Amino acid sequence: TQLLEQSPQFLSIQEGENLTVYCNSSSVFSSLQWYRQEPGEGPVLLVTVVTGGEVKKLKRLTFQFGDARKDSSLHITAAQTGDTGLYLCAGAGAAGNKLTFGGGTRVLVKP
Amino acid sequence: DSGVTQTPKHLITATGQRVTLRCSPRSGDLSVYWYQQSLDQGLQFLIQYYNGEERAKGNILERFSAQQFPDLHSELNLSSLELGDSALYFCASSRLAGVTYNEQFFGPGTRLTVL
């Protein structure tokens, strides 16, 4: 069974600060996706990383896939209140079908 | 807006009852996935359909079943409902199936409350 562990579970920071969320597993994933979810809504896809060592940037968000494709990180620079939400990482297995989700990191950016 | 639609938005029912959740995938997507999100279990994969056929199964209870119709919409049927079935149920869709780069786009979910 593939498992994904996210850390920390909760992060509270001031606007303008930086933050990093980690997603770790003992299993190899063929790709890894990061989502952000607002209360009562569906997860919104932020990015997909596929290649080991890959780094993708989305404005102030930087995503990295580990060389061994077992871990990933999300770094937010100069966080804004609009970055508040639940961040989820999800790994796809070799068959590329089901996603295995991490437990999520709840981020609160205070003004 | 992901392009994936789900109905109803909210559903309140009693234990022992049966309900049907409906999902329409994004235009052009052939694959539909169902997930359950509860406070203690997080997001759990239930089942996947691709072009009308079951493709992968996860932690789906025997009381639950799903199907994908020729127009590619999908329904998730939950029967003999128990209190513990109360959760958010999400549908996701993707263009293909069984490929490495297979991004899934999620609908807004159906919140099921079993009383």
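Just so it is clear, the structure is predicted and the values come from calculations on it, not from any experiment.

This brings us to the overall build of chain B. When helices and strands are tallied, chain B shows 0 helices and 11 strands. Taken from N to C terminus, the helices and strands of chain B fall in the order β-β-β-β-β-β-β-β-β-β-β. Expected size for 115 residues packed as a compact globule is a radius of gyration near 13 Å; at 13 Å, chain B falls within 12% of this value. Taken over the C-alpha atoms alone, chain B extends approximately 40 × 30 × 25 Å along its principal axes. Across the 115 residues of chain B, 50% fall into the buried class. Considering only contacts within chain B whose residues lie at least 6 apart along the sequence, 56% involve residues at least 24 apart. Computed over 9 positive and 11 negative side-chain charges, the inter-centroid distance for chain B is 3 Å.

Counting from both sides, the interface comprises 21 residues of chain A and, opposite them, 23 residues of chain B. Between chain A and chain B, the buried area comes to about 1,600 Å², and carbon and sulfur atoms account for 55% of it. Run the count over chain A and chain B and you get 0 salt bridges. For the pair chain A and chain B, the interface holds 4 residue pairs in polar contact (both at pLDDT 80 or more). When residues of the side of chain A that touches chain B are traced back to their parent elements, those giving at least two are β4 (31–37), β5 (44–49), β9 (85–92) and β10 (99–101) of chain A. Sorting elements by how many residues they give to the side of chain A that touches chain B places β4 of chain A first, with 4 residues. Split by residue class, the side of chain A that touches chain B holds 9 nonpolar, 9 polar and 3 charged.

This next bit is on the sheet that holds strand β7 (residues 61–65) of chain A. Residue and element names in this part refer to chain A. Spatially, β1-β3-β8-β7-β6 is the arrangement adopted by the 5 strands of the open sheet, whose pairing is antiparallel. Single-partner strands in this sheet number two, and they are β1 (5–7) and β6 (55–58). Taking each pair of neighbouring strands and ignoring which way they run, the sheet shows an average axis angle of 15°. Alignment of β6 against β7, held across 4 bridges, turns out to be antiparallel. Residue pairing for β7: L58 is matched across the bridge by L61.

Each aromatic ring pair is summarised here by two numbers: the centre-to-centre distance and the angle between the ring planes. Enumeration according to the criterion identifies 9 aromatic pairs over all chains in this entry. Note on W34 of chain A and F63 of chain A: the rings are 6.4 Å apart at their centroids and 50° apart in plane angle, and the pair reads as tilted. Of the two residues, W34 of chain A is situated in strand β4 and F63 of chain A in strand β7; the sequence distance between them amounts to 29 residues. For the pair shown, W34 of chain A and F63 of chain A are each scored as buried. An aromatic cluster is present here, built from Y35 and F101 of chain A together with Y35, F45, F90 and F106 of chain B joined pairwise through their rings. Between the NZ or CZ atom of R55 of chain B and the centre of the ring of Y50 of chain B, over which it lies, the distance is 5.6 Å.

What follows is about the pairing of strand β2 (residues 10–14) of chain A. Residue and element names in this part refer to chain A. Going residue by residue along β2, you find L11 and I13 tucked away on one face and F10, S12 and Q14 left uncovered on the opposite face. Note: β2 against strand β11 (residues 105–110), 5 bridges, orientation parallel. Looking across to β11, one finds that Q14 is bridged to K110.

Rules used throughout
- Residues numbered from 1 in each chain as written.
- Chains lettered and ligands numbered in written order.
- Predicted model: local features only at pLDDT ≥ 70, side-chain atom pairs only at ≥ 80, totals over all residues.
- Heavy atoms only, no water.
- Helix = DSSP H or I, 4+ residues; strand = E, 2+ residues; numbered from the N terminus.
- Rg over C-alpha atoms; globule rule 2.2 N^0.38 Å.
- Buried < 20%, exposed > 50% of the residue type's maximum accessible area, 1.4 Å probe, protein only.
- Contact = heavy atoms within 4.5 Å.
- Lys, Arg positive; Asp, Glu negative; His and termini not counted.
- Charge placed at Lys NZ, Arg CZ, Asp CG, Glu CD.
- Buried area = accessible area lost by both parts, 1.4 Å probe.
- Salt bridge = Lys/Arg side-chain N within 4 Å of Asp/Glu carboxyl O.
- Polar contact = N/O pair within 3.5 Å; in protein donor to acceptor, adjacent residues only side chain to side chain.
- Nonpolar A, V, L, I, M, F, W, Y, C, P; charged D, E, K, R; others polar.
- Pairing = 2+ DSSP bridges.
- Axes fitted to C-alpha atoms, helices over the stretch in contact; angles between N-to-C directions.
- Phe/Tyr/Trp six-rings, centres within 6.5 Å; stacked < 30°, edge-to-face > 60°.
- Lys NZ or Arg CZ within 6 Å of the ring centre and 35° of its normal.

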